Amino acid sequence: MEFTIKSGSPEKQRSACVVVGVFDNRKLSLSAELIDRASNGYVSEIIRRGDMEGKLGATLLLHNVRGTLADRVLLVGLGKERDFRDREFRSAIRSAVKLLNETGSYEAVVYLTEEKVKRREVAWRVEHAVIVAMEAVYRFEQMKSQPTEVRRPLRKLTLSVPQRSDLTAGERAAVRGLSIAHGMDLARDLGNMPGNICTPTFLAERAQALSTEFPDIVVKVLERKECEELGMGSFLSVTNGSNQPPRFIVLEYMQHERKQTRPSVLVGKGITFDTGGISLKAGLDMDQMKFDMCGAAAVLGTFRAIAEIKAPINVVGLIPACENMPSGTATKPGDVVTSMSGQTIEVLNTDAEGRLILADALTYAERYEPVAVVDIATLTGAMVIALGHVASGLFSNNETLARALLTAGDDACDRAWQMPMWEDYQDGLASNFADFANIAGRAGSSITAACFLSRFTKKYDWAHLDIAGTAWKDGKDKGATGRPVPLLATWLLEQETPAP
Ligand code: BES
Ligand code: MN
Ligand code: ZN
C-alpha cells in the first residue's frame, strides 16, 4: 500500500472516499463538522436519526454526499472524546481500513490523523496510522494454491494533517511507519511459514536475501563446523536429533557516522520447530511450535525496518537457528553439555532448548563489546500464563536499559512488562552433575529461564524479552503478529544521534 500526506479541507477532496470521525454522544469531529456544513447538515441529520452514534469502531458509509467532491464519506465512531487515546485511535483506524479494503474504494483520504490524542504529536499519529493500516490488510497466502481475490483492494491512503507546517514531519513519520510495517510483514511471513519450509537453512537464505536488498546489512552464516570450532556445545546439543543442519546467522548494520561506536546486539531464538525433543511435547496444538522462531523473525524484521529508514546507528543481529527433534541421536535428559562460555549444563529437560541455543549466542555477542544486548525469544509457556497475550515479559540486569525498552514499548503500542530477577530465583538451577541445570522447578519458570540466561550475560548490559504470549495469535485470527518489531525498532531509533 502507498501513503501520502496532505493538508486541506475534507469537503474539497476529490477522492473515492473521505474518512472522518464522530465521537460518542453524537459529537462531530472538526472534519465531520466541515462535511456537515458543506452538505447543509446531512451528517448531523443522519446522526440525529440514530444511524451513527459514535461508538468506537462503528462505521457508516455514505454515498454522493451533497456539497463534497468525494464519491463517498465514511463516518467512523471514535468513542468518548475524553477517552480518545492510543488504543482508541488505533482501533478507529483499524475499523476504517478494514471497511475500505472490503468496499469498492481503492483509495481514500483519512482525517482521523487530525484528531488530538493525549501525549501524541502528529508524527506519532501518522506513523501509527500507517502501521495499523498495513497490519489490517496483511494476509498470508503464500501457501495457498489459489489466492483469495479481493475485488478492489485498498491501494493508497492519504493521511491528512492539521496544518501545512505539519507536512514535513508527517511525511517523515509515514516513511518510518511504513518501514516498521514492512519489518513486521517480514516477521509475520517468516513466523507463518510452515516448519517444513522455514528451516534453519531457509532463515539463513532469507537473511542473505535481506542483505542483497539492503546492502547496508552485512550477513555471515556459520555452519555446523564453524560452530563446533567456536565451542558452541550448548547450541549444537539441541540440533543433535534433527536432519536439518543448524545455522548461526550474523547480521551487521554499521551505519553510525563513527563506525567504531559500540553496537547494540539483538539475539533471536530461531527454533524452526520445537517438538520438545526426547522430552516430547503433548500433541495438542503442537503445530504452533512452528512459531518458535519468532524471536529470529523479529530480529530480521527489525533489521529490515532500520535499513529501510537508513537509521544512522550500529546494530548486530545474532540468530542461532535449528530444529528441536527427538531421534536416536538426540540429546537425552541428564546429558551434560559444555557451552561456548566454558560453563557446563545438565540438560534435565530437552524441551527447555531455547535457553541452550541463546546461551552460546549471548557468549558470541561479547566480541562486539556491545552497549546493550537484547534477546528476543518465545521462551516459556509460563509467560503466557503470567501476562497473557498483551505484554511481552521483560527481564534485565540493568534498570536504565529496562526503562528504555519499556518506554519504547509504550510509545510503539507494543508493550512489555518488567518481571523480577532477584538472586533468590537463581538457586533452583543448582545441579549435582554440572555447573548448573537448564531448568528449575515449575514455579516461576519464566523467571528461572531468564536466570539461566543471566549466567551468560555478565559482561554487558542485557535484557531478555519473552514473547511467548505476544508473537502469535491463536484462534480465528491464528498467525504471527510481527511483535516485538515495533518495540525494537522504536528503541533502536531512539539511539539515533541528532543531526549536527
Ligand atoms: N518454545 C517453548 C515455549 C512455549 C510453549 C512458547 C508454549 C509458547 C507456547 C519452549 O521451548 C519450552 O518448551 N519451554 C518449556 C520449558 C520447560 C520445559 C521448563 C515450557 O515453557 O513448558
Ligand atoms: Mn521447548
Ligand atoms: Zn522452544
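A brief look at the structure comes next. Note that the structure is predicted; figures quoted are calculated from it, not measured. (Residues numbered from 1 in each chain as written. Chains lettered and ligands numbered in written order. Predicted model: local features only at pLDDT ≥ 70, side-chain atom pairs only at ≥ 80, totals over all residues. Heavy atoms only, no water.)

### A look at the overall build of the chain
Stated precisely, the cut-off is as follows: Secondary structure elements follow DSSP: runs of H or I of four or more residues count as helices, runs of E of two or more count as strands, with numbering from the N terminus. Two things to know: the radius of gyration comes from C-alpha atoms, and the globule rule equals 2.2 Å times the number of residues to the power 0.38. Relative accessibility under 20% of the residue-type maximum defines a buried residue, over 50% an exposed one, and the middle range a partly exposed one, all with a 1.4 Å probe and only protein chains included. A contact between two residues is defined here by any heavy atoms of the two lying within 4.5 Å. For the area figures, the Shrake-Rupley method with a 1.4 Å probe applies, and any residue is considered shielded solely by the protein chains shown. Counted as positive: Lys and Arg. Counted as negative: Asp and Glu, with His and the chain ends omitted from the count. Charge positions are represented by NZ for Lys, CZ for Arg, CG for Asp and CD for Glu.
Across its full length, the chain carries 14 helices and 21 strands. The C-alpha atoms of the chain give 25 Å as radius of gyration, which agrees with the globular expectation for 500 residues (23 Å, within 12%). Reported as C-alpha extents along the three principal axes, the dimensions of the chain are approximately 85 × 55 × 45 Å. With 500 residues in all, the chain has 58% of them scored as buried. A separation of at least 24 residues holds for 78% of the contacts in the chain among residues at least 6 apart in sequence. For the chain, the exposed area adds up to about 21200 Å²; of that, 49% sits on carbon and sulfur atoms. The distance from the centre of the 59 positive side-chain charges to the centre of the 63 negative ones in the chain is 6 Å.

### Focus on the side chain of Glu115
Using the following cut-off: Counted as salt bridges are all cases of a side-chain nitrogen of Lys or Arg within 4 Å of a carboxyl oxygen of Asp or Glu. Whenever two N or O atoms come within 3.5 Å, that pair is a polar contact, provided that in protein one can donate a hydrogen and the other can accept it, and provided that, for residues adjacent in sequence, both atoms are side-chain atoms.
Mapped onto the fold, Glu115 is located in the loop between strand 6 (107-110) and helix 4 (122-137). We note that Glu115 is buried and unpaired, the nearest opposite charge coming from Lys27 at a distance of 7.4 Å. A distance of 3.5 Å separates a polar atom in the side chain of Glu115 from a polar atom in the side chain of Ser29.

### Let's talk about the pairing of strand 12 (residues 314-324)
The condition that has to hold: Any two strands between which DSSP finds at least two bridges are classified as paired.
The buried fraction of strand 12 is high, at eleven of eleven residues. With burial as the criterion, each face of strand 12 is covered, one bearing Asn314, Val316, Leu318, Pro320, Cys322 and Asn324 and the other bearing Val315, Gly317, Ile319, Ala321 and Glu323. In this sheet, strand 12 lies alongside strand 10 (residues 264-268) in parallel orientation, the contact comprising four bridges. Along strand 12, the bridge assignment pairs Val265 with Val316. Note: strand 11 (residues 270-274) against strand 12, four bridges, orientation parallel. Bridged to Gly270 within strand 12 is Ala321.

### Observations regarding the coordination of the manganese ion (ligand 2)
Four donors placed tetrahedrally around a metal ideally meet at 109.5 degrees, and six donors placed octahedrally ideally meet at 90 or 180 degrees. The cut-off we apply is this: Here the coordinating atoms are restricted to nitrogen, oxygen and sulfur within 2.8 Å of the metal centre, or 3.2 Å for Na, K and Ca, and because water is not among them the sites may look incomplete. A four-donor site is called tetrahedral if each angle lies between 85 and 135 degrees; a four-donor site is square planar, and a six-donor site octahedral, when trans pairs exceed 155 degrees and the remaining angles lie between 65 and 115; all other cases are labelled irregular.
Taken together, the protein ligands of the manganese ion (ligand 2) are Asp274 (OD), Asp351 (O), Asp351 (OD) and Glu353 (OE), with distances of 2.1 to 2.2 Å. Each of the six donor atoms bound to the manganese ion (ligand 2) contributes to angles spanning 71 to 168°, and the resulting shape is irregular. Written as a sequence motif, the donor arrangement for the manganese ion (ligand 2) is D-x76-D-x1-E. The distance between the manganese ion (ligand 2) and the zinc ion (ligand 3) is 3.2 Å, with Asp274 acting as a donor to both metals. In this pair, Asp274 sits in strand 11 while Asp351 sits in the loop between strand 14 (344-347) and helix 10 (354-364), placing the two residues 77 residues apart along the sequence. The class of Asp351 is partly exposed, set by a relative accessible area of 22%.

### Observations regarding the side chain of Arg188
Its location among the elements puts Arg188 in helix 5 (residues 167-192). Looking at Arg188, its side chain comes within polar contact range of the main-chain oxygen of Glu135, at 3.5 Å. Of the polar contacts made by the side chain of Arg188, one reaches the backbone oxygen of Ala480; its length is 3.0 Å. Among residues more than four places away in sequence, those in contact with Arg188 are Glu135, Tyr138, Ala480, Thr481 and Gly482.

### Describing the site of ligand 1
What counts, and what does not: Residues are labelled near a given molecule or strand when at least one of their non-hydrogen atoms is within 4 Å of it. Residue polarity follows a fixed list, in which Ala, Val, Leu, Ile, Met, Phe, Trp, Tyr, Cys and Pro are nonpolar, Asp, Glu, Lys and Arg are charged, and the others, Gly among them, are polar.
Close to ligand 1 lie 16 residues, the nearest being Lys281, Asp292, Asp351, Glu353 and Gly381. Note that an oxygen atom of ligand 1 is positioned 2.9 Å from one of the side-chain N or O atoms of Asp274. Here Glu353 contributes a side-chain N or O atom positioned 2.8 Å from an oxygen atom of ligand 1. Protein contacts shield 80% of the accessible area of ligand 1, which totals 510 Å² for the unbound molecule. Taken together, the residues that form the shell around ligand 1 break down as five nonpolar, four polar and seven charged.

### Quick word on the coordination of the zinc ion (ligand 3)
Only Lys269 (NZ), Asp274 (OD), Asp292 (OD) and Glu353 (OE) from the protein coordinate the zinc ion (ligand 3), and they sit 2.0 to 2.4 Å from it. Coordination at the zinc ion (ligand 3) is octahedral: its six donor atoms span angles of 79 to 176° at the metal. Within one chain, the residues donating to the zinc ion (ligand 3) are spaced in sequence as K-x4-D-x17-D-x60-E. Classification of Asp292 by relative accessible area gives buried; the value is 2%. We classify Glu353 as buried; its relative accessible area is 1%.

### A short note on the environment of Ala92
By secondary structure assignment, the location of Ala92 is in helix 3 (residues 86-102). If near-sequence neighbours (up to four positions away) are discounted, Ala92 is found in contact with Leu56, Val76, Gly77, Leu78 and Leu112.

### Describing the nonpolar core
Put simply, the rule is: For our purposes a nonpolar core is just a set of buried Ala, Val, Leu, Ile, Met, Phe, Trp, Tyr and Cys residues, chained together by side-chain atoms within 4.5 Å.
In terms of nonpolar packing, the biggest core is built from 63 residues, with Leu251 and Leu266 touching the most fellow members. The dominant element in this core, judged by the number of residues it contributes, is helix 9 (residues 294-309), at ten residues. With 49 residues, the next largest nonpolar core counts Val250, Met340, Met421 and Ala450 among its residues.

### Quick word on the packing of aromatic side chains
To be explicit about the condition: Aromatic contacts are taken between Phe, Tyr and Trp rings whose centres are within 6.5 Å, Trp giving its six-membered ring; a plane angle under 30 degrees counts as stacked, one over 60 as edge-to-face, and the others as tilted. A ring is considered to have a charge above it if a Lys NZ or an Arg CZ atom is located within 6 Å of its centre and within 35 degrees of its normal.
A full pass over the atoms with the stated rule returns eleven aromatic pairs. Summarising the aromatic geometry, the rings of Tyr364 and Tyr368 are spaced 6.4 Å apart at their centres and angled 55° between planes, so their arrangement reads as tilted. Grouping residues by exposure puts Tyr364 and Tyr368 together as buried. Among the aromatic residues, ring-to-ring pairing joins Phe23, Phe84, Phe89 and Trp124 into one connected group. Between Arg367 and the ring centre of Tyr364, over which it is positioned, the NZ or CZ distance is 4.0 Å. The ring centre of Phe436 lies 4.7 Å from the NZ or CZ of Arg455, which sits over that ring.

That is the geometry; function is a separate question.
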